[in-house]
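Per-entry structural report
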Protein chains: 2
Amino acid sequence: MTATVEFWFEFASTYSYPAAMRIETEAQARGVIVEWRPFLLGPIFGAQGLKDTPFNIYPTKGKYMLRDLQRICAELDLPFVLPSPFPQNSLLCARIATALEGAPRIRFAQAAYELEFGEGRTISDPLNAAEALRRAGLDPAIIEKAQEESVKMALRAATDEAMAKGCFGAPSFVTPDGELFWGNDRLEAALNWAAKHAK
Amino acid sequence: MTATVEFWFEFASTYSYPAAMRIETEAQARGVIVEWRPFLLGPIFGAQGLKDTPFNIYPTKGKYMLRDLQRICAELDLPFVLPSPFPQNSLLCARIATALEGAPRIRFAQAAYELEFGEGRTISDPLNAAEALRRAGLDPAIIEKAQEESVKMALRAATDEAMAKGCFGAPSFVTPDGELFWGNDRLEAALNWAAKHAK
């Protein structure tokens, strides 16, 4: 009996940051194994007719999100600096994460989030992506590999899979029995569900 | 030193239902006094250029919301039946709640939510509004009073106040020091903030 959950994260997503920094601790406490799934929200927003993040389309919501994130990160003792421009172009990091697997994927993702939302740095810049790889103890040459056609196609397939599973925002969590949970604030509920309904 | 929080609720809002049913228990556990503030989301959505609830504009989000609500209500042992049409026209109930004060306002609001989302009944129907008043131990004649110009104006002023305080959805919670929290899932955070920063 192994409890698992898919963790769908998008590097441009602010709420994916606290989720990425805390999910392993919360999952281990419940005996749940997390499958880290990078994807792109852009095509999913596009399919809904959205040309930008709702946080920019609805400025009142965007202003609230910033304050909410400040409070959430303060509670978790995580630094928070919004990068400019917002949202960041997350394509390069999503491809790098797709080119990696297992623990290296997790270490890179956390290092990239740390740079982006902990320090406000531009993650579309290959120098910063290389820095995230270095911090994760990985070879910056992976950036080359991330440009291969197979990686691009795998990321596109992952995004299609996320959409097929009902994802419309990030972070999202999907359990093996098909339950979808959306948002950093549903992380515990998703892990609890996965632990309770493991087969 | 009294800790207080404003609880901004909208009768058409699904997530306001579990919040309304549990906030008093959670507030009392923290020594926080809740000020129940009925308002209308319609004019606020309108000011953002939205002509309907985001749950209808973005069907994938609407479908998710339903499942999320089912899970949340199951966890709280609350019945959940989505009324048709959705969203309901909440004007009558918002006016009745505005015409009431203190404990009667709370009892009426909870009875109306119970009818609407616990039993799937149409709250724009005066017969159902009267039933909610009866269940709350109140005189159904209050429905007449709720049509007075002063009540209409008070509800309009409350909606303007909510918007001025940054509310863009429901339920919302506002603390005396101006912190805004949005969503049933921020109820605890709002109460904790109010308790911690009481003057």
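This text goes with the structure placed above it.
Residues numbered from 1 in each chain as written. Chains lettered and ligands numbered in written order. Predicted model: local features only at pLDDT ≥ 70, side-chain atom pairs only at ≥ 80, totals over all residues. Heavy atoms only, no water.

Quick look at the relation of the copies chain A and chain B
Expressed as a screw operation, the relation of chain A to chain B combines 0.0 Å of axial shift with a rotation of 180°, fitting to an RMSD of 0.0 Å. Seen this way, the second copy is the image of the first under a two-fold rotation axis. For chain A, the minimum C-alpha distance to the rotation axis belongs to A:Asp185 and amounts to 3.5 Å. A symmetric contact is evident, with 100% of the interface residues of chain A recurring at the interface of chain B. (Least-squares fit on C-alpha atoms with pLDDT ≥ 70 in both. Contact = heavy atoms within 4.5 Å.)

Re helix α5 (residues 91-99) of chain B
Residue and element names in this part refer to chain B. The buried fraction of α5 is high, at eight of nine residues. Buried residues of α5: Leu92, Cys93, Ala94, Arg95, Ile96, Ala97, Thr98 and Ala99, and no others. Packing partners of the buried residues in α5 comprise β2 (32-38), α6 (102-118), α7 (126-135), α8 (142-145) and α9 (149-164). (Buried < 20%, exposed > 50% of the residue type's maximum accessible area, 1.4 Å probe, protein only. Helix = DSSP H or I, 4+ residues; strand = E, 2+ residues; numbered from the N terminus.)

Some thoughts on the sheet that holds strand β4 (residues 180-182) of chain A
Residues and elements named next belong to chain A. Strand order across the open sheet formed by four strands is β2-β1-β3-β4, with mixed pairing between neighbours. Lying at the two open borders of the sheet, with one neighbouring strand each, are β2 (32-38) and β4. Strand after strand, the sheet turns through a mean of 25° between neighbouring axes, direction not considered. Judged from the three bridges that link them, strand β1 (residues 3-9) and strand β3 (residues 172-174) form a sheet pairing that is antiparallel. Across the sheet, the residue bridging to Trp8 is Ser172, located in β3. Where helix α6 (residues 102-118) meets the sheet, it contacts β1 and β2, and its direction lies at approximately 65° from that of β2. (Pairing = 2+ DSSP bridges. Axes fitted to C-alpha atoms, helices over the stretch in contact; angles between N-to-C directions.)

Structural notes on the pattern of salt bridges
Once the charged atoms of two side chains with opposite charge are near each other, the side chains can pair. Residues and elements named next belong to chain B. Taken as a whole, this structure holds 34 salt bridges over all chains when the rule is applied. Between Arg37 and Glu161 there is a salt bridge, with the nearest N and O atoms lying 2.9 Å from each other. Note that Arg37 is positioned in strand β2 and Glu161 in helix α9, a separation of 124 residues in sequence. Judged by relative accessible area, which is 26%, Glu161 ranks as partly exposed. For Arg135, the salt bridge identified is with Glu119, shortest N-O distance 2.8 Å. Placement of the pair is Arg135 in helix α7 and Glu119 in the loop between α6 and α7, with a sequence separation of 16 residues. Its relative accessible area of 35% is what places Arg135 among the partly exposed residues. Relative accessible area serves as the criterion here: at 36%, Glu119 is assigned to the partly exposed category. (Salt bridge = Lys/Arg side-chain N within 4 Å of Asp/Glu carboxyl O.)

A look at the layout of surface pockets
One number sums up the size of the second largest pocket: a volume of about 1300 Å³. In terms of lining residues, the second largest pocket is bounded by 34 residues, among which A:Asp185, A:Arg186, A:Glu188, B:Asp185 and B:Glu188 are the most central. Only α4 (59-75) and α10 (187-196) of chain A together with α4 (59-76) and α10 (187-196) of chain B provide two or more residues apiece to the lining of the second largest pocket. The element contributing the most residues to the lining of the second largest pocket is α4(B), with six residues. Class assignment of the residues belonging to the lining of the second largest pocket gives a composition of twelve nonpolar, six polar and 16 charged. (1 Å grid on protein atoms, 1.4 Å probe; cavity = no way out; pocket = protein on both sides within 12 Å on 5 of 7 lines; lining within 4 Å. Points joined across faces, edges and corners; volume = space filled by probe spheres on them. Nonpolar A, V, L, I, M, F, W, Y, C, P; charged D, E, K, R; others polar.)

A few points about the environment of A:Ala29
Residues and elements named next belong to chain A. Assignment of secondary structure puts Ala29 in helix α1 (residues 16-29). A relative accessible area of 66% means that Ala29 is categorised as exposed. Residues Ala29 and Phe11, spaced 18 residues apart in sequence, show a C-alpha to C-alpha distance of 25 Å.

A look at the interface of chain A and chain B
Each partner contributes to the interface: chain A provides 20 residues, whereas chain B provides 20 residues. Where chain A abuts chain B, roughly 2000 Å² becomes buried across the two surfaces, and 53% of that area is made up of carbon and sulfur atoms. Summed over the shared surface of chain A and chain B, the number is eight salt bridges. Note that B:Arg186 and A:Asp185 form a salt bridge whose closest N and O atoms lie 2.7 Å from each other. Applying the counting criterion to the chain A and chain B interface returns 13 residue pairs in polar contact (both at pLDDT 80 or more). (Buried area = accessible area lost by both parts, 1.4 Å probe. Polar contact = N/O pair within 3.5 Å; in protein donor to acceptor, adjacent residues only side chain to side chain.)

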